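Report on the structure
Spelled out, the chains give:
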Amino acid sequence: RFLEFAEQVKNPPKNSAQGGSGGGAAQNAKDAWRQGTYTERLHHALIHGIDKFIDGDVEEARQDLKVPLVVIEGPLMQGMGIIGDLFGAGKMFLPQVIKSARVMKKAVAYLTPFMEEEKRAAAIAAGEDPDQPKYNGVVLMATVKGDVHDIGKNIVGVVLGCNNYKVIDMGVMVPCDKILERAIAEKVDVVGLSGLITPSLDEMVYVAEQMKVRGMTVPLMIGGATTSKRHTAVKMCTKYDHGVIHVLDASRSCTVVSAVLSSEKQSYLDDIKDEYKEIREEYYSTLVDKKWKTLGQAQGMKPQIDWSKVPPKPKFIGNLMIKDHPINEIIEFIDWTPFFQVYQLRGKYPNRDYPAIFKDERVGEEAKRLFEEAKEMLEWVVKENILQASGVVGIWPANSVGDDIEVYTTEDRDTVACKFYGLRQQLDMGESTYWCQSDFIAPKGVAPDYIAAFANTGGLGCHEQRQKFEATGDIDKAILLEAVADRLAEAFAELIHKKIRTTLWGYAPDENLSLDDLLKVRYQGIRPAPGYPSQPDHREKKTLWDLLDIDRLSEGKLQLTESFMMMPSASVSALVFAHPEAKYFSVGQVNKDQVEAYS
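1. Considerations on the overall build of the chain
Each helix and strand counted, the chain has 22 helices and 13 strands in total. By principal-axis analysis of the C-alpha atoms, the chain measures approximately 85 × 60 × 45 Å. For the chain, the proportion of its 599 residues judged to be buried stands at 51%. Summarising the internal contacts of the chain: among those between residues at least 6 apart in sequence, 75% fall at separations of at least 24.

2. Regarding the pattern of salt bridges
The tally for this structure, following the rule as stated, stands at 36 salt bridges. Note that Glu-60 and Arg-41 form a salt bridge whose closest N and O atoms lie 3.1 Å from each other. With Glu-60 in helix H4 (residues 54-65) and Arg-41 in helix H3 (residues 38-48), this residue pair connects regions lying 19 residues apart in the sequence. Residue class for Glu-60 comes out partly exposed when judged on its relative accessible area of 37%. Among the charged side chains, a salt-bridge network with shared partners connects Asp-51, Arg-102, Lys-106, Asp-474 and Asp-476.

3. So, the environment of Leu-261
For Leu-261, the position within the fold is in the loop between helix H11 (250-260) and helix H12 (265-289). Expressed as a C-alpha distance, the spacing of Leu-261 and Val-190, which sit 71 residues apart in the sequence, is 8.6 Å. Residue contacts for Leu-261: discarding those within four places in its chain leaves Asn-136, Gly-137, Tyr-165, Asp-189 and Val-190.

4. So, the packing of helix H7 (residues 151-162) against H11
One way to put it is that H7 packs onto H11 with a least axis distance of 8 Å and a crossing angle of 50 degrees. Taken together, the axes of H7 and H11 are oblique relative to one another. Considering only the axes of H7 and H11, their crossing is right-handed. Along its contact with H7, which presents Ile-155, Val-156, Val-159 and Leu-160, the element H11 presents Ala-250, Ser-253, Cys-254 and Val-257.

5. What to know about empty space enclosed by the protein
Empty space left among the atoms is revealed by rolling a probe the size of a water molecule over them. The full count for this structure, using the stated rule, is one cavity of 30 Å³ or more. Within this model, the largest cavity holds a volume of roughly 40 Å³. Together, Phe-420, Gln-437, Pro-528, Ala-529, Pro-530, Gln-535, Glu-540 and Leu-575 line the largest cavity.

6. Section: the packing of aromatic side chains
Across all of its chains, the model carries 21 aromatic pairs by this definition. Between Phe-340 and Tyr-354, the ring centres sit 6.4 Å apart and the planes meet at 20 degrees, which makes this aromatic pair stacked. Highlighted residues: Phe-340 in helix H15 (residues 337-342) and Tyr-354 in the loop between H15 and helix H16 (364-384), separated in sequence by 14 residues. Relative accessible area serves as the criterion here: at 32%, Tyr-354 is assigned to the partly exposed category. Here the aromatic rings of Phe-358 and Phe-371 are separated by 5.4 Å at their centres, their planes lie at 45 degrees, and the arrangement is tilted. Of this pair, Phe-358 sits in the loop between H15 and H16 while Phe-371 sits in helix H16; the two residues are 13 residues apart in sequence, bridging distant segments of the chain. Here Phe-358 matches Phe-371 in class, with each residue buried. Of note, Arg-413 hangs over the ring of Tyr-450, and the distance from its end group to the ring centre comes to 5.1 Å.

7. A closer look at the side chain of Glu-406
With respect to the secondary-structure elements, Glu-406 resides in strand S8 (residues 404-408). Taking the relative accessible area as the measure of exposure, Glu-406 reaches 10% and is therefore buried. Beyond its immediate sequence surroundings of up to four residues, Glu-406 is in contact with Pro-397, Ala-398, Asn-399, Val-401, Val-416, Cys-418, Lys-419 and Lys-444.

8. A look at the sheet that holds strand S4 (residues 220-223)
In spatial order, the strands read S2-S1-S3-S4-S5; together these five strands make up an open sheet with parallel pairing. Edge positions in the open sheet fall to strand S2 (165-169) and strand S5 (244-246), since each of these has one partner strand only. Adjacent strand axes in the sheet meet at a mean angle of 25 degrees, parallel and antiparallel pairs treated alike. One ladder, built from five bridges, connects strand S1 (residues 137-143) with S2; its direction is parallel. Of the residues in S2, the one forming a bridge with Met-141 is Asp-169.

9. A closer look at the confidence of the model for the chain
A residue-level look at the chain finds 92% of positions with pLDDT of 70 or above and a mean pLDDT of 90. Overall, residues 14-21 carries pLDDT values under 50, and its contacts beyond four positions in sequence, including any with other chains, amount to six contacts.

10. Here's the deal with the layout of surface pockets
Considering only enclosed or pocket space, the second largest pocket measures out at about 1,400 Å³ in volume. For the second largest pocket, the lining is made up of 33 residues, of which Thr-198, Leu-201, Pro-536, Gly-588 and Gln-589 are closest to its centre. Every element with two or more residues in the lining of the second largest pocket is listed here: helix H9 (199-213), helix H10 (229-236), H12 and helix H22 (592-598). The element best represented in the lining of the second largest pocket is H10, accounting for four residues. Taken together, the residues of the lining of the second largest pocket sort by class into 19 nonpolar, nine polar and five charged.

11. Overview of unusual backbone geometry
Cis geometry is found at the peptide bond from Tyr-349 to Pro-350, where omega equals 10 degrees. With respect to the helices and strands, the residue Pro-350 is situated in the loop between H15 and H16. Omega for the bond connecting Met-567 with Pro-568 falls within 30 degrees of zero, at 0 degrees, which places this linkage in the cis form. With respect to the secondary-structure elements, Pro-568 resides in the loop between strand S12 (566-567) and strand S13 (571-576). Of note in this structure, Asp-324 is not a glycine but carries a positive phi near 50 degrees. Examined against the element boundaries, Asp-324 turns out to sit in strand S6 (residues 318-325). Here Asp-549, not a glycine, exhibits a phi torsion of approximately 55 degrees, which is positive. Note on Asp-549: relative accessible area 28%, which makes it partly exposed.

12. What to know about the environment of Asp-551
Tracing the chain through its elements places Asp-551 in helix H21 (residues 550-553). Judged by its relative accessible area of 46%, Asp-551 is partly exposed. Once residues lying within four places of it in the same chain are set aside, the contact partners of Asp-551 are Trp-545, Gly-556 and Leu-558.

13. Describing the side chain of Arg-102
Position of Arg-102 relative to the elements: it lies in helix H6 (residues 94-121). Ignoring anything within four residues of it in the chain, the contact list for Arg-102 reads Gly-49, Ile-50, Asp-51, Gly-473, Asp-474, Ile-475 and Asp-476.

Calculation criteria
- Residues numbered from 1 in each chain as written.
- Predicted model: local features only at pLDDT ≥ 70, side-chain atom pairs only at ≥ 80, totals over all residues.
- Heavy atoms only, no water.
- Helix = DSSP H or I, 4+ residues; strand = E, 2+ residues; numbered from the N terminus.
- Buried < 20%, exposed > 50% of the residue type's maximum accessible area, 1.4 Å probe, protein only.
- Contact = heavy atoms within 4.5 Å.
- Salt bridge = Lys/Arg side-chain N within 4 Å of Asp/Glu carboxyl O.
- Axes fitted to C-alpha atoms, helices over the stretch in contact; angles between N-to-C directions.
- Parallel < 35°, antiparallel > 145°, perpendicular 65-115°, else oblique.
- Left-handed = near helix turned anticlockwise from the far one by under 90°.
- 1 Å grid on protein atoms, 1.4 Å probe; cavity = no way out; pocket = protein on both sides within 12 Å on 5 of 7 lines; lining within 4 Å.
- Points joined across faces, edges and corners; volume = space filled by probe spheres on them.
- Phe/Tyr/Trp six-rings, centres within 6.5 Å; stacked < 30°, edge-to-face > 60°.
- Lys NZ or Arg CZ within 6 Å of the ring centre and 35° of its normal.
- Pairing = 2+ DSSP bridges.
- pLDDT = per-residue confidence, 0-100.
- Nonpolar A, V, L, I, M, F, W, Y, C, P; charged D, E, K, R; others polar.

Structure representation (structure tokens):
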């Protein structure tokens, strides 16, 4: 019945407007929902994300129902139930759900003072709070120690909240002890951990181990860009006996939480355990079948690079601080496709990417609406100077020595400023070449070469503004601001790399590429990030950080966490290789002999 009602609300009959035509009829149809009962109006406002009339409609409901809690548990929770059903059925999209959550939050905020007044006036029976809403369950969520990315976690919180779960969000960089102490104190039903970078995986394993040590029995949910079902099966579920479940994205979180809190909990967890056992066994069986090159063999099969094509001497050598770069210039370099992926708006081929996504039958209209909101947000950001973009760029003399890269303080190359360590492909896949980052820098004694690096952010001011949005209940704007800041950071990286190629280093001064060409990497050279496929060790980021002298030059505005995560979270760092034969690759797994040599 709720779904049928929701469909009528979302798509009212064409004859719903009476007594008029043209613009007047359209306006009548648009405002017709205001003629319904307060329950119907609250449902409509929640489904459509309209908060303009929410205080008045909630007050009308409170006057009629007398008890504020009944307003929450009645019409408001009914409305959120409709939204949860629509989202689960694929008839509402994540941007709409986030707006609905904003309206719900504002409705509850209006009722909170009345509930607190009743608490003071009424006796608390049996030690329980009579005005405490009856949630379906309590979920604690945290981004683990050393990690600062939380946009995905925030979205999961919104989805769970829309399905009547109480969400305790502990924020980012939360140490294990604090997570578990709060979980025990709040008597939560589920613990959820989030993380973006690979060191966070080890921290999640540690949290699982400590949950076992403390004798906890609540299920553990794992999510985030760096997590996977295989990692959870191989590394995590063997550490904790009461359920470890990998959650692919926000849309799956409610299903998981519902399952582990249902009467079929044990059956569900047993099924997960069996599935993960199969994944684990399959993973270990593939290790047996794998063949490896020895490190010496792999090094002997390194690519043969033409060193007559070594890039020219840079026009600039040293470090350069780029402070408060104009956002308007950065906007021109935005790649919008990942923005829609944050909101789980994915078109079908050939309409997967921006701007073709607008043509997609299922998500096209919602993508258009979201894009317009993002552009409005950007205009506001620029006008009010909400976000600032800054970065540090450096270019230095360098040469490779084996699998490593020595960076020198001066052109005489006598003093080593630092060394970037390389990992070489080693898994025997029948290839003729086994790559390492150092292959793209001329060997010492062969030719004088150089390397560049940079770190930048588009998110200075994001945290402060997000707190303001959250204080006013505008969680949809808080999430949108984070998503926009991430796009600005990546766009700024694109702009900085172009400036390195064309002016600062100047090895491609005549480059004239469109944004599409840039996003398809049609320029000369590459900019791999430390901690990612071509050098998966995040510790290399600290070497880059010190070489760029970022703490001093940025005056502490750019920071590196103990797990080598950049702050603000909307930040990017990279090494820049200029040789025309440089290409992106993935190191993949390495064998024991290389691990020993690397250590």
